[in-house]
Structures are given as structure tokens and as C-alpha cells.
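Listed below, chain by chain, are the residues.
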Amino acid sequence: MYLDVVREVEQLVWPRKMRLFTAGPVACFPEVLEAMKFQMFSHRSKEYQELHKDATLRLKKFLEADKATVLLIPSSGTGFMEASVRNAISPRGKVLVTVIGEFGNRYREAVERNGRIPVVLEKELGKAVKPEELDDALKKNPDVEAVTITYNETSTGVLNPLRELAKVAKEHGKLVFVDAVSAMGAADIKVDAWGIDLVFASSQKAFGLPPGLAMAAVSEEVFERAKKIPERGLYFDLLEIREFLEKQWSTPTTPPISIVIGLDVMLRVIDRMGGKEAWLKMYAERAETIRRRVLELGLELFAEPGYYSPTITVVYNPPGVKGPVIYEELRKRGIEIAKGYGKVRDITFRIGHMGYITQEDIEELFKNLKEVLTSLGFAKR
């Protein structure tokens, strides 16, 4: 066995211990890393079918999506973003895209590049969309077919009030598409009760898995719309993906088996921890701790109070200090945060709190962050 080769690659990608506070991929939970050791097997075998079924049904329960169909596919979350447009919006149809940052803009791009027309409701960066604003926009644009909502905007650290926004959209009779890439697994989602038509996420975020698996809950109305849409494409045809699920408990293309194993493991871990409520409470408390520690350093939060993200905290740079400098200095100390993103790249830095993070990790982060800020000439006033 050429285990020395494994060590060579390990030194290439993981030359020293690094505590991760990134925006994703994030540190995997130990249970997931252990499960990654499983030998591969056929994705058309009965063993894989049982695995896929178990993971799907557990995720269905977690998302409270009894009436919806839960789909797992080999992709990033952007795959389901594109699928929502191609499968459920008529050619040249209009979509109301809510934008509170860079990932709202990605949804706008997905609408445009798939030949549909975006109608944009854009907020000042750091602000959330309010229900009355969405209501007003829909009154002015009654011909849109759907509303897109970025549940958690990773570039600004803002959590949109999804339940309230979805309620408004459904009152206007619109489909509700939700980008929950950095929210699912840390912010509550009740698919049936909130009237969500398609909500999607990626594996490398709050569930603490490697990248490569996308997951979504899809309403029956979306599938009915898809039957009338021509040229849905090959890879992201939701009707074909559902057909494989119903007939084989599998996917049309080869799934990332190891990551599906990891998802099943984590959903079981959540049950052992006390279920969804206990898991979300863990994330909420971790986020509150990190925000409090940021403020104790004399720094300012970027997001609007009352709409803070449970998965990432965006922080204004101290006067005269650029975010990338803080990022690089922390990396030298074995801690990786995330640089500012998009239009606020040069005035913010980001602290992710997804995945496997211990209390010791948090203590080390703030000890070193304080030292870095002091070395850069910042002192709490």
C-alpha cells in the first residue's frame, strides 16, 4: 500500500492544523469523517436504495415536508436553483427576484440565463426584505409566476423572514423558490406549513458534510408545471429525477455515495442529540456567542439587528484595516475565517459558524483575533 502517497497529498492540502470558520466548505463532523471510510458499492444495488431511502425520509421529516418530494442529486445547490427556473417557469415568463446580496443576484442571473425575465426587488445591503415590501412589489407586478427568496444571505449575514415572505407570496398565488444553501440545517424550515414550493441547499454547509450533494424539497405544483414546460434540459429535469426516486430510490446520474452516507449519519446524530429543536438551538446559541464576542472586541456587525444569520456573522473592518489583511493574519495563526464578499469585500470580513466547531475553537479564534487587531493598531474604545 502506498500510504506515503496519501501523506504527500495530505501535506499538499492540509499542511497544518487549521480551525475553520469559513463560509463553506466547512469542517466535517467526526462522525462524517469516520463514515467516509466506507468502501464503495453500486448505486444501483439494493443496499444503496435502502441508504437513499433512509436519508431521504429522514430529511423529509427534518424539513417537515410530508406533502413535498425530497430529492437528492449530485450537484451544488446552484443546480436546484437552475432547475427551479427551467422546470417551473414558462419560456419568457417573469420571476420576482428578491435581492439582499450577492446570492440573490445569482438567482437573478439564473433567471436571465435560462431565458426568463427577472423583476427585481432589491434592498440596501445589510437589510432584509420585509413582508409589506414584497406585498407591494407583487401588487405592482401581478404577472410574475414565482418569487425567489434567499433565506440566508452569506455575503451580508442577513436572515430573511422566510415564513412571513412565503405567506405573502402564496396570498398572491405565486410559486415560492427558496435558496437555503447556507440556512438549511441551521435555520428552521417548515415546507408544508409555510407553503414553500422548492427549497434547496448544499451538503457543505450547516450539515457539516463534504461538497457534492444538493438536496431539495419540491411541491406537487412544481411537478405539474414541469409537465407543461418544454426543454427542461437533461441533468436537472425534475420529473426524471422524481421518477428515479419513485421507481428505484436512486438518481438518474451517479450519486456521491459517500456524502449520502454522511447525510444519513448526520440526520441520525441530530435525532440522538434530541431532534431538530435541539440541533437548531445549538446553532442559535453558537451564533449568539460569536456575535457577542465580536461586539466585546469593539467591532460592529454588518447585518440589520433582528435579522442576524445563524450560520455566518459579517463584521465591519476596523477603521483603516482591510478585511483581507485580517484573514491572512489569522491564517498564519492556523485559523481560517472568510473574506468579505461581493460589494462589501473591502469593508467587511466574515466568521462562519457552520459545521464542526468546538468551544475551544471559538476561544482560539477570539484570542487570536484580538491579538491580530491589536497588532494592526485597533483598540476598543
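Quick look at the structure, then. The shown structure was predicted, so the numbers you read here are calculated from the model rather than taken from an experiment.

Criteria and cut-off values
Residues numbered from 1 in each chain as written. Predicted model: local features only at pLDDT ≥ 70, side-chain atom pairs only at ≥ 80, totals over all residues. Heavy atoms only, no water. Helix = DSSP H or I, 4+ residues; strand = E, 2+ residues; numbered from the N terminus. Core = buried A, V, L, I, M, F, W, Y, C linked by side-chain atoms within 4.5 Å. Buried < 20%, exposed > 50% of the residue type's maximum accessible area, 1.4 Å probe, protein only. Contact = heavy atoms within 4.5 Å. Pairing = 2+ DSSP bridges. Axes fitted to C-alpha atoms, helices over the stretch in contact; angles between N-to-C directions. Parallel < 35°, antiparallel > 145°, perpendicular 65-115°, else oblique. Left-handed = near helix turned anticlockwise from the far one by under 90°. Nonpolar A, V, L, I, M, F, W, Y, C, P; charged D, E, K, R; others polar. Phe/Tyr/Trp six-rings, centres within 6.5 Å; stacked < 30°, edge-to-face > 60°. Lys NZ or Arg CZ within 6 Å of the ring centre and 35° of its normal. Polar contact = N/O pair within 3.5 Å; in protein donor to acceptor, adjacent residues only side chain to side chain. Expected span 1.5 Å × (residues − 1). Salt bridge = Lys/Arg side-chain N within 4 Å of Asp/Glu carboxyl O.

1. Things to note about the environment of aspartate 136
Okay, so step 1: Note on placement: aspartate 136 falls in helix 6 (residues 131-140).
Okay, so step 2: C-alpha of aspartate 136 to C-alpha of valine 168: the two residues are 32 residues apart in sequence and 9.9 Å apart in space.

2. Side note on the nonpolar core
As a rule of thumb, soluble globular proteins bury nonpolar side chains together.
Okay, so step 1: In terms of nonpolar packing, the biggest core is built from 70 residues, with Tyr151 and Phe207 touching the most fellow members.
Okay, so step 2: It is helix 11 (residues 257-273) that provides the largest number of residues to this core, a total of ten residues.
Okay, so step 3: In this view, tyrosine 151 contacts Val158, Leu159, Asn160, Leu162, Val178, Asp179, Ala180, Ala183, Ala187, Asp188, Ile189 and Trp194; residues no more than four positions away in its chain are not counted.

3. Here we look at the sheet that holds strand 2 (residues 69-74)
Okay, so step 1: The mixed open sheet is built from seven strands, whose spatial order is 2-10-9-8-5-3-4. Two strands lie at the open edges of the sheet, namely strand 2 and strand 4 (117-122), each paired on one side alone. For this sheet, the mean inter-axis angle between neighbouring strands, taken without regard to orientation, is 20°.
Okay, so step 2: Of the strand pairs in this sheet, strand 9 (residues 198-202) and strand 10 (residues 213-218) are connected by five bridges, and their pairing is antiparallel. Across the sheet, the residue bridging to phenylalanine 200 is alanine 216, located in strand 10.
Okay, so step 3: Packed on one face of the sheet, helix 4 (residues 77-88) meets strand 2, strand 8 (175-179), strand 9 and strand 10 and runs near 155° to strand 9.
Okay, so step 4: Seen against the sheet, helix 5 (residues 102-113) touches strand 3 (94-99), strand 4, strand 5 (146-150), strand 8 and strand 9 and runs at an angle of roughly 165° to strand 3.

4. Let's talk about the packing of helix 4 against helix 5
For any two helices packed against each other, the geometry is given by the interaxial angle and the distance between the axes.
Okay, so step 1: Viewed as axis vectors pointing N to C, helix 4 and helix 5 meet at an angle of 45°, and their least axial separation amounts to 9 Å. Classified by the angle their axes make, helix 4 and helix 5 are oblique. Regarding helix 4 and helix 5, the two cross each other, and that crossing is right-handed. Counted together, Thr78, Met81, Ser84 and Val85 of helix 4 and Phe103, Arg106, Tyr107, Ala110 and Val111 of helix 5 form the full contact between these two elements.
Okay, so step 2: Grouping the constituent residues of the contact of helix 4 with helix 5 by class yields six nonpolar, two polar and one charged.

5. Things to note about the packing of aromatic side chains
The geometry of an aromatic ring pair is captured by the separation of the ring centres together with the interplanar angle, meaning the angle of the planes.
Okay, so step 1: Counted under the stated rule, the structure contains nine aromatic pairs.
Okay, so step 2: Judged by centre distance (5.9 Å) and plane angle (65°), the ring pair of phenylalanine 29 and tyrosine 356 falls under edge-to-face. Separated by 327 residues along the polypeptide, phenylalanine 29 in the loop between strand 1 (19-20) and helix 2 (30-35) and tyrosine 356 in the loop between strand 14 (348-352) and helix 14 (359-375) bring together distant segments of the chain.
Okay, so step 3: Ring geometry for phenylalanine 103 versus tyrosine 341: centroids 5.3 Å apart, planes at 15°, classification stacked. Taken together, the residues span a long stretch of sequence, with phenylalanine 103 in helix 5 and tyrosine 341 in the loop between strand 13 (338-339) and strand 14 at a distance of 238 residues.
Okay, so step 4: Under the relative-accessibility criterion, phenylalanine 103 is labelled buried at 18%.
Okay, so step 5: For tyrosine 341, a relative accessible area of 32% corresponds to the partly exposed category.
Okay, so step 6: In this structure an aromatic cluster arises from ring pairing among Phe29, Trp279, Tyr283 and Tyr356.
Okay, so step 7: Taking the ring centre of phenylalanine 223 as reference, the NZ or CZ of arginine 242 above it sits at 4.0 Å.
Okay, so step 8: Above the plane of the ring of tyrosine 283 lies arginine 286, whose end atom (NZ or CZ) is 5.2 Å from the centre.

6. Comments concerning the side chain of aspartate 197
Okay, so step 1: Secondary-structure assignment places aspartate 197 in the loop between helix 8 (191-194) and strand 9.
Okay, so step 2: For aspartate 197, the side chain forms a polar contact with the side chain of lysine 170, separated by 2.8 Å.
Okay, so step 3: From its side chain, aspartate 197 meets the backbone nitrogen of valine 176 in a polar contact 2.9 Å long.
Okay, so step 4: Excluding anything up to four places from it in sequence, aspartate 197 contacts Lys170, Lys174, Leu175, Val176, Ala217, Val218, Ser219, Glu221 and Val222.

7. Section: helix 11
Okay, so step 1: Across its 17 residues, helix 11 extends 24 Å between first and last C-alpha, which sits within 8% of the 24 Å expected from 1.5 Å per residue.
Okay, so step 2: Among the 17 residues that make up helix 11, 13 are buried, leaving the element largely enclosed by the rest of the structure.
Okay, so step 3: Directly beyond the C-terminal end of helix 11, a positive phi value near 120° is found at glycine 274.

8. Quick word on the pattern of salt bridges
Okay, so step 1: Using the criterion set out here, one finds 36 salt bridges in the structure.
Okay, so step 2: Note that glutamate 133 is salt-bridged to lysine 123, the shortest N-O span being 3.0 Å. Of the two residues, glutamate 133 is situated in helix 6 and lysine 123 in the loop between strand 4 and helix 6; the sequence distance between them amounts to ten residues.
Okay, so step 3: Since its relative accessible area comes to 15%, lysine 123 is described here as buried.

9. What to know about the sheet that holds strand 14
Okay, so step 1: What the three strands build is an open sheet, ordered 11-14-13; its pairing is antiparallel. Of all strands in the sheet, those with a lone pairing partner are strand 11 (312-316) and strand 13, marking the two edges.
Okay, so step 2: Here strand 11 pairs with strand 14 via five bridges, running antiparallel. Paired with isoleucine 312 across the bridge in strand 14 is glycine 352.

10. Concerning unusual backbone geometry
Okay, so step 1: Residue proline 25 is bonded to the preceding glycine 24 through a cis peptide linkage, with omega at 0°.
Okay, so step 2: Position of proline 25 relative to the elements: it lies in the loop between strand 1 and helix 2.
Okay, so step 3: The phi dihedral of glutamate 64 falls on the positive side, at around 50°, and the residue is not glycine.
Okay, so step 4: Here glutamate 64 is to be found in the loop between helix 3 (46-62) and strand 2.
Okay, so step 5: With phi around 50°, tryptophan 249 is a residue other than glycine that occupies positive phi space.
Okay, so step 6: The class of tryptophan 249 is partly exposed, set by a relative accessible area of 26%.

Keep in mind these values describe shape, not function.
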